[in-house]
Amino acid sequence: MAQAPFTLLLGGTAEASVLARRLRTTRPDIQLLLSLAGRTKAPALPEGVETRIGGFGGVDGLVLFIRERGVTRLLDATHPYAVGMSRNAGEATRLAGIPRATFLRAPWETVDRDRWQEVACLRTARDALPSGARPFLALGSQHIAPFRHRPDLRPVLRQVDAPAEPLPFAATLVTGKPSEDIAEEAALFREHGITHLVCRNSGGARGYAKIAAARKMRMPVILIRRPPEPDGPILRDLDAALSWLISSS
Ligand code: NAP
């Protein structure tokens, strides 16, 4: 007898939650499990969607999870920079012999007024900052360590939750989600006397206001380039991702 379709959706992005809601509404017959890493204290969970939180324990743990739970396909809708999880998902689904695809939102594109410097990694972002700069580091807590080697900087960090551990260097901390309002982001930059924005090219609407605010203020942006795309099918919009989920069942 054919196995009932059971989708494991790797999330941590706004799009994963939207997809979960849309699949729930259009195909309530497809069993769906949304998985989150558990990085934020109070994630916005889509209503009516079964959710699990926490790592799987590497490739082996994920293979075991897939087999034990009878997962029949996996959609990786993690953040474009969540390379470890995406690599594990590729390897685990290959070993378990189930289909997997990746949803990847489009990167932000530079426009005329932008003063972007694209760099390869966090260390090159750190080294690109001039002495005495006051950068706004729109980076998760696990990505700030390289900046401890630049005591001449006066960084401002924005993190969704207050960090559990003391910061690894002196910095001003702003907690909370980024605003989607350009004027609010610009006001925050002005309030803190920010000279540079340092961030990833995440793409999507949620984090775009800071990019637009920097453009408006003619502020230099140091943008960490995207990692290489995972192998396998890449779905670049929500409709394509939803179709893949439905057609591969
Ligand atoms: P990562 O380095 O690729 O993942 C590290 C480990 O976290 C993975 O090996 C896995 O642990 C666990 N993990 C990650 N995503 C998971 C998921 N959806 N469900 C269960 N376990 C997961 O990723 P990261 O950069 O730390 O990001 C962690 C999460 O935050 C991701 O889900 C991502 O979508 C979200 N996020 C990341 C960013 C960013 O800038 N990187 C921004 C916004 C949101 P095990 O090996 O134990 O399975």
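Preceding this paragraph is the structure being described.
This is a predicted model, so every value here is computed, not measured.

Caption draft 1: Inspection of the site of the ligand at higher detail. Around the ligand, a shell composed of 23 residues is seen, among which Ser35, Arg39, Phe56, His79 and Met85 lie nearest. Measuring from an oxygen atom of the ligand, one finds a backbone N or O atom of Gly57 at 2.9 Å. Backbone polar atom of His79 to an oxygen atom of the ligand: 2.9 Å apart, as the coordinates give it. In isolation the ligand exposes 810 Å². Once the protein is present, 77% of that is buried. Elements with a minimum of two residues in the shell around the ligand: β2 (31-36) and α3 (83-96).

Caption draft 2: Main features of the pattern of salt bridges. Enumeration over the complete set of coordinates arrives at 12 salt bridges. Residue Asp239 pairs with Arg22 through a salt bridge whose shortest N-O separation is 2.8 Å. Of the two residues, Asp239 sits in helix α7 (residues 238-247) while Arg22 sits in helix α1 (residues 14-26), which places them 217 residues apart along the sequence. For Asp239, a relative accessible area of 46% corresponds to the partly exposed category.

Caption draft 3: How the structure looks around the packing of aromatic side chains. Summed over the entire model, instances satisfying the criterion amount to three aromatic pairs. Judged by centre distance (5.1 Å) and plane angle (65 degrees), the rings of Phe56 and Phe65 are edge-to-face. Judged by its relative accessible area of 16%, Phe56 is buried. Consider the rings of Phe136 and Phe189, whose centres lie 5.0 Å apart with planes at 65 degrees: the pair is edge-to-face. Note that Phe136 is positioned in strand β7 (residues 135-137) and Phe189 in helix α5 (residues 182-191), a separation of 53 residues in sequence. Positioned above the aromatic ring of Phe56 is the side chain of Arg52, whose terminal nitrogen or guanidinium carbon lies 4.0 Å from the ring centre. Above the face of the Phe65 ring, Arg52 is positioned so that its terminal group lies 5.2 Å from the ring centre.

Caption draft 4: Looking closely at the environment of Gly176. Along the polypeptide, Gly176 turns up in the loop between β9 (172-175) and α5. Along the chain, Gly176 and Val160 lie 16 residues apart, while their C-alpha atoms are 4.3 Å from each other.

Caption draft 5: Expanded view of the packing of α1 against α7. Interhelical geometry of α1 versus α7 gives an angle of 50 degrees and a closest axis separation of 10 Å. It follows that α1 is oblique to α7 by the angle criterion. As for how α1 packs across α7, the hand of that crossing is right-handed. Side by side, α1 and α7 meet where Glu15, Val18, Leu19, Arg22, Leu23 and Thr26 of the first sit next to Leu238, Asp239, Ala241, Leu242, Leu245 and Ile246 of the second. Looking at the contact of α1 with α7 residue by residue, the class counts come to eight nonpolar, one polar and three charged.

Reading the values: the criteria
Residues numbered from 1 in each chain as written. Predicted model: local features only at pLDDT ≥ 70, side-chain atom pairs only at ≥ 80, totals over all residues. Heavy atoms only, no water. Near = heavy atom within 4 Å. Polar contact = N/O pair within 3.5 Å; in protein donor to acceptor, adjacent residues only side chain to side chain. Areas by Shrake-Rupley, 256 points an atom, 1.4 Å probe, with all protein chains shown as cover. Helix = DSSP H or I, 4+ residues; strand = E, 2+ residues; numbered from the N terminus. Salt bridge = Lys/Arg side-chain N within 4 Å of Asp/Glu carboxyl O. Buried < 20%, exposed > 50% of the residue type's maximum accessible area, 1.4 Å probe, protein only. Phe/Tyr/Trp six-rings, centres within 6.5 Å; stacked < 30°, edge-to-face > 60°. Lys NZ or Arg CZ within 6 Å of the ring centre and 35° of its normal. Axes fitted to C-alpha atoms, helices over the stretch in contact; angles between N-to-C directions. Parallel < 35°, antiparallel > 145°, perpendicular 65-115°, else oblique. Left-handed = near helix turned anticlockwise from the far one by under 90°. Contact = heavy atoms within 4.5 Å. Nonpolar A, V, L, I, M, F, W, Y, C, P; charged D, E, K, R; others polar.

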